[in-house]
Structures are given as structure tokens and as C-alpha cells.
Amino acid sequence: MSDTVEVTLRKAGGSREARRLRRTGMVPAVLYGHGEKCVDLAARREAVEAAVRHGSRVVELTGAVKTSALVRDLQWDTYGVEPLHVDFLRVSASDRVRVKVPVDLKGECPGQRAGGVLNLVLHEIEVECTADHVPERVHALVGHLELGHAIKVRELELPPGARALADLDETVVTCALPGKKAEEAPATPVEPELIGRKPTDQGEAETAKE
């Protein structure tokens, strides 16, 4: 179930107004996409932080506007403590979106039992998927990773219908002896994948900023 974020309209712009909003516990935001005009909004800081804690990438906006939205970009202060600005992208469940998600390790690595050290090389990966299947994270399954071998992007566990936008032969994680470099694991041939045409406002959403 998506997190709900209540929003209000923002009548004034500029850095001074943004600072005033933050002092009152609000986070400046903007909503765009689907060929509709941009709307300046403000959201409660607690609601934004809760969505982040829960790993929600798609939220339900209520209040001044009612729509499903992808948290397209979230800006933080220098210390990564306080959210400063949120970009929301209007989406429907069937929209294909591009998002960056963290990579984590799953399973017990047999190579470690042989004295190897796991090294997560790729900490984040961009994936394309439908808005209703945005993963909180992508798993690298290390249960069969032997000493001296590596896991490639093509071997990551992705949700149904999702595809990685990185090079499929890019190394994600290695297992090697301390000070040694893991050997390149042999590439596994795969069939080329075709996807449908993306929404026309996707490119507009990439460049729309407050």
C-alpha cells in the first residue's frame, strides 16, 4: 500500500519563501507530468520522511491535489538530515518509469567460507518498470557466489516486467581473497528485450524543475 502525503498549494516561490516553509515544518515541492501544468506544492516534513523510511517511491497525494505520484527527486541538506525539496511526477499504475534503487546482498556467500571478502561494487542501479512495481531495492543473490567469481547486472533479482538500464555485463559484487581481484565470471547469453513506447511526457519530466 502506498504512503499518503497531504499537500497544500504554494502561492509564492523563491528561496525566501522556501526557507519560511521549512521553518514551519513544510517541504517545498512541485508536481508535473502527464502533459499537465506544473503545480507548486508544500508537504509536511514528517509525511515525506515517513515515505522515505518506508521505501515508498510511489505515493498518493491528497489535499490540494489528488493523484498518484512518483517521488522523482528528493533534495537533502548538506548533512542528509532534512529534506529540502521534492519533485513529484504524476503517474498511473501502467506508466513505465525510470528510477534509481539501491542494491543489496541476499543470502550466504560460500566464497566467504573459503576466506573470500565480498565487495559490493555497484551500490545503486537505474531500472525501468511500471509505476506499480517500483522496487524498494534490488537484490544480488550471493548464495552461489564462489571465491574468485563475480555477479553481473544480468543476474540481479528484478520485479516482473522490470529491466536494468546498466550494461548487463557490469560487475555488481565480487568475492575474492583480501588484496586479490576476482576473476571475470563468464557472460551468459540472453535474448534481446523489447519494450513498449514510453510516455511522451517522460522527457519533459526529466527537465522540469522548480
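The preceding data block contains the structure.
Report on the accompanying structure. (Residues numbered from 1 in each chain as written. Predicted model: local features only at pLDDT ≥ 70, side-chain atom pairs only at ≥ 80, totals over all residues. Heavy atoms only, no water.)

1. Concerning the pairing of strand β10 (residues 138-141)
Side chains of β10 alternate between two faces, with Val-138 and Ala-140 buried and His-139 and Leu-141 left unburied. Pairing of strand β7 (residues 96-106) with β10 involves four bridges; the strand directions are parallel. Note that in β10 the partner of Lys-106 across the bridge is Leu-141. (Buried < 20%, exposed > 50% of the residue type's maximum accessible area, 1.4 Å probe, protein only. Helix = DSSP H or I, 4+ residues; strand = E, 2+ residues; numbered from the N terminus. Pairing = 2+ DSSP bridges.)

2. Some details on the sheet that holds strand β8 (residues 117-120)
The three strands are arranged β8-β13-β11 in an open sheet whose pairing can be described as antiparallel. The two strands at the open ends of the sheet, each matched to only one other strand, are β8 and β11 (150-152). Taking the axes of each pair of neighbouring strands and ignoring which way they run, one obtains an average angle of 10 degrees across the sheet. Sheet analysis places β11 next to strand β13 (residues 171-176), joined by three bridges and oriented antiparallel. Bridging across to β13, Ala-150 finds its partner in Thr-174. (Axes fitted to C-alpha atoms, helices over the stretch in contact; angles between N-to-C directions.)

3. Brief notes about the environment of Gly-143
Within the secondary structure layout, Gly-143 lies in the loop between β10 and β11. Separated by 34 residues in the primary sequence, Gly-143 and Cys-109 place their C-alpha atoms 4.9 Å from one another.

4. Looking at the pattern of salt bridges
For the structure on display, the rule yields 12 salt bridges. As a salt-bridge pair, Arg-96 and Glu-128 come within 3.3 Å of each other at their nearest N and O atoms. With Arg-96 in strand β7 and Glu-128 in strand β9 (residues 124-130), this pair connects stretches of sequence that are 32 residues apart. Just as Arg-96 is buried, Glu-128 falls in that class too. When the shortest N-O distance is used, the salt bridge between Glu-128 and Arg-98 registers 3.6 Å. Pair noted here: Glu-128 is in strand β9 and Arg-98 is in strand β7, with a separation of 30 residues, a long-range link. Accessibility expressed as a relative area gives 0% for Glu-128, which makes it buried. (Salt bridge = Lys/Arg side-chain N within 4 Å of Asp/Glu carboxyl O.)

5. A word on the side chain of Asp-104
Position of Asp-104 among the secondary structure elements: in strand β7. Among the polar contacts listed, one links the side chain of Asp-104 to the side chain of His-139, at a separation of 2.6 Å. If we skip the residues at most four places from it in the chain, Asp-104 touches Arg-137, Val-138, His-139 and Ala-140. (Polar contact = N/O pair within 3.5 Å; in protein donor to acceptor, adjacent residues only side chain to side chain. Contact = heavy atoms within 4.5 Å.)

6. Some words on helix α1 (residues 15-23)
Glu-17, Ala-18 and Leu-21 are the residues of α1 that are buried. Taken around the axis of α1, the buried residues stretch over an arc of 100 degrees, which confines them to a single face. Among the exposed residues of α1, those oriented more than 90 degrees off its buried face are Arg-16 and Arg-23. Those residues of α1 hidden inside the fold are in contact with β2 (26-33) and β3 (36-44). Immediately beyond the C-terminal end of α1, within one or two residues, lies Gly-25, with a positive phi of roughly 85 degrees. (Arc of directions from axis to C-beta.)

7. Re the environment of Gly-63
Here Gly-63 lies in strand β4 (residues 58-63). Of the residues examined, Gly-63 reaches a relative accessible area of 35% and is grouped as partly exposed. Those residues in contact with Gly-63 that sit more than four places away from it in its chain are Glu-6 and Val-7.

8. Here we look at the sheet that holds strand β1 (residues 3-9)
On the basis of which strands lie adjacent, the closed barrel formed by six strands has the order β1-β3-β2-β6-β5-β4 and mixed pairing. Averaged over all neighbouring strand pairs, the angle between strand axes comes to 45 degrees, with direction disregarded. With seven bridges connecting them, β2 and β3 associate as antiparallel partners. Paired with Met-26 across the bridge in β3 is Arg-44. Along the sheet, α1 makes contact with β2, β3 and β6 (83-90), crossing β2 at roughly 120 degrees. Contacts between helix α2 (residues 45-53) and the sheet are confined to β1, β2, β3, β4, β5 (67-76) and β6, with β3 contributing the most and set at about 100 degrees to the helix.

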